[in-house]
Amino acid sequence: MHARAALFDLYGDHLRSRGGQATVAALVRLMKPLEIAAPAVRTAVSRMVRQGWLQPIRLPQGPGYGLTPKCVRRLDEAALRIYRAGTLTWHGRWHLIVFGPVKDRPRRERLRADLTFLGYAALSETAWIGPRSSIELDNLLESEGVRADRFDSALEGDPRELVARAWDLTAIGEAYEHWLAEADTLISGLPEGAPADQVFATRSRLVHGWRNFLFRDPGLPPELLPAGWPGEKARVYFEQEAARLLPAAAAFVDRELL
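The shown structure was predicted, so the numbers you read here are calculated from the model rather than taken from an experiment.

Engineer: Provide a residue-level description of unusual backbone geometry, including the pertinent values.
Structural biologist: One non-glycine residue, Glu35, lies in positive phi territory at about 60°. Mapped onto the fold, Glu35 is located in the loop between α2 (24-31) and α3 (38-50).

Engineer: Residues and numbers for the sheet that holds strand β7 (residues 148-153), please.
Structural biologist: Reading across from one edge, β5-β6-β4-β7 is the order of the four strands in this open sheet, with antiparallel pairing throughout. The open sheet has two edge strands, β5 (121-124) and β7, and neither has a second partner. Each strand of the sheet is rotated relative to its neighbour by a mean of 25°, with strand direction disregarded. Across six bridges, strand β4 (residues 94-99) lies against β7 in antiparallel orientation. Bridge pairing in β7 places His95 opposite Asp152. Docked against the sheet, helix α7 (residues 159-166) engages β4, β5 and β6 (127-130), running at close to 95° with respect to β5.

Engineer: Got a sec to walk through the sheet that holds strand β3 (residues 62-67)? Specific residues and values, please.
Structural biologist: Read across the open sheet, the three strands follow the order β1-β3-β2; overall the sheet is antiparallel. With one partner strand each, in any of the chains shown, β1 (21-23) and β2 (54-59) form the two edges of the open sheet. Direction aside, the axes of adjacent strands within the sheet are offset by 30° on average.

Engineer: Tell me what's going on with the pairing of β6, and back it up with residues and numbers.
Structural biologist: The alternating pattern of β6 places Ala127 and Ile129 and Trp128 and Gly130 on opposite faces, both of which are buried. Strand direction decides the pairing type here: β5 and β6, joined by three bridges, are antiparallel. For Ala121, the partnering residue across the bridge sits in β6 and is Ile129. Counting the residues between successive antiparallel strands, the hairpin from β5 to β6 contains two residues.

Engineer: Hey, could you go over the domain arrangement of the protein chain for me, with residue numbers and the actual values?
Structural biologist: Looking at the assigned domains, one finds that the protein chain contains domain 1 (3-71), domain 2 (93-154) and domain 3 (168-257). A separation of 28 Å is found between the C-alpha centroids of domain 2 and domain 3. Taken together, the contacts link six residues of domain 2 with seven residues of domain 3. Both faces combined, the contact of domain 2 with domain 3 buries some 560 Å², and carbon together with sulfur accounts for 68% of it. Summed over the shared surface of domain 2 and domain 3, the number is zero salt bridges. Among the residues forming the side of domain 2 that touches domain 3, the class breakdown is three nonpolar, two polar and one charged.

Engineer: Residue-level account of the packing of helix α9 (residues 196-211) against helix α10 (residues 230-257), with values.
Structural biologist: The geometry of α9 relative to α10 is characterised by a closest axis approach of 8 Å and an angle of 145° between their N-to-C directions. Where α9 crosses over α10, the handedness of that crossing is left-handed. Residues Ala196, Asp197, Val199, Phe200, Thr202, Arg203, Leu206, Val207 and Trp210 of α9 touch α10, and the partners they reach there are Gly231, Ala234, Arg235, Phe238, Glu241, Ala242, Leu245, Leu246, Ala248, Ala249, Phe252 and Val253. Here the contact of α9 with α10 is composed, by residue class, of 15 nonpolar, two polar and four charged.

Engineer: How would you explain the nonpolar core if you had to name every residue and give the values?
Structural biologist: In terms of nonpolar packing, the biggest core is built from 50 residues, with Trp94, Phe99, Leu115, Trp167 and Trp179 touching the most fellow members. Here the element with the most residues in this core is helix α8 (residues 169-188); it accounts for eight residues. In contact with Leu115, other than residues within four places in its own chain, are Ile97, Phe99, Tyr120, Trp128, Leu137 and Leu140. Listed in part, the 31 residues of the second largest apolar core include Val28, Leu34, Met48 and Ala201.

About the cut-offs
Residues numbered from 1 in each chain as written. Predicted model: local features only at pLDDT ≥ 70, side-chain atom pairs only at ≥ 80, totals over all residues. Heavy atoms only, no water. Helix = DSSP H or I, 4+ residues; strand = E, 2+ residues; numbered from the N terminus. Pairing = 2+ DSSP bridges. Axes fitted to C-alpha atoms, helices over the stretch in contact; angles between N-to-C directions. Contact = heavy atoms within 4.5 Å. Buried < 20%, exposed > 50% of the residue type's maximum accessible area, 1.4 Å probe, protein only. Domains from an automatic or database assignment. Buried area = accessible area lost by both parts, 1.4 Å probe. Salt bridge = Lys/Arg side-chain N within 4 Å of Asp/Glu carboxyl O. Nonpolar A, V, L, I, M, F, W, Y, C, P; charged D, E, K, R; others polar. Left-handed = near helix turned anticlockwise from the far one by under 90°. Core = buried A, V, L, I, M, F, W, Y, C linked by side-chain atoms within 4.5 Å.

Next comes the structure, spelled out in structure tokens:
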């Protein structure tokens, strides 16, 4: 796990519900079970500040970093999709975004990566479609200086054909099966009665692997997915194990935040 990704996971999975802030010293302690050294933590924090995800704050225990509004929106959107049982609905319509060509390559690549993260797929370079609108979309387009026309659209045709063209469900399904095998190995390697820091590290790796699907799986409704979709079995396993390991992991976080 890279330090920046681990910090996003930490803030989203634990610190968001604890005020969204922590001292530098606490962040270093919390990253130690993941074998991320203090210099890497500080470098990642500085990068996240420059990118507008974190902001320096002064806490009673010393200097620290808190979430920016931009990061709060990103983490809340991610949480809806990470712990997605019963949270996502579909009304048979599609959210369509159309914008002009983006000539600047870095900006174009950022826009593509962020739209993919939000669950959209490209129909063309300038037309993107998703099963629902995103609460982050306005801020994303504004930050990249992109004006887009948006449509709440009904498809004339077979939605499964559209899904097959926009997303590679075979590859996504195989990725779920691969993740499930790796996750089972990870969890099986955690001894009974393991100390809280080890439980925290194992759960963090579990969440990190699952969070990566935010960049691949748009959260399509069940009626558009193949029968026996492996993502459902993987979701059940993730939610079961993440909940089982949470008390010990949370106890470790609370202890290190003091």
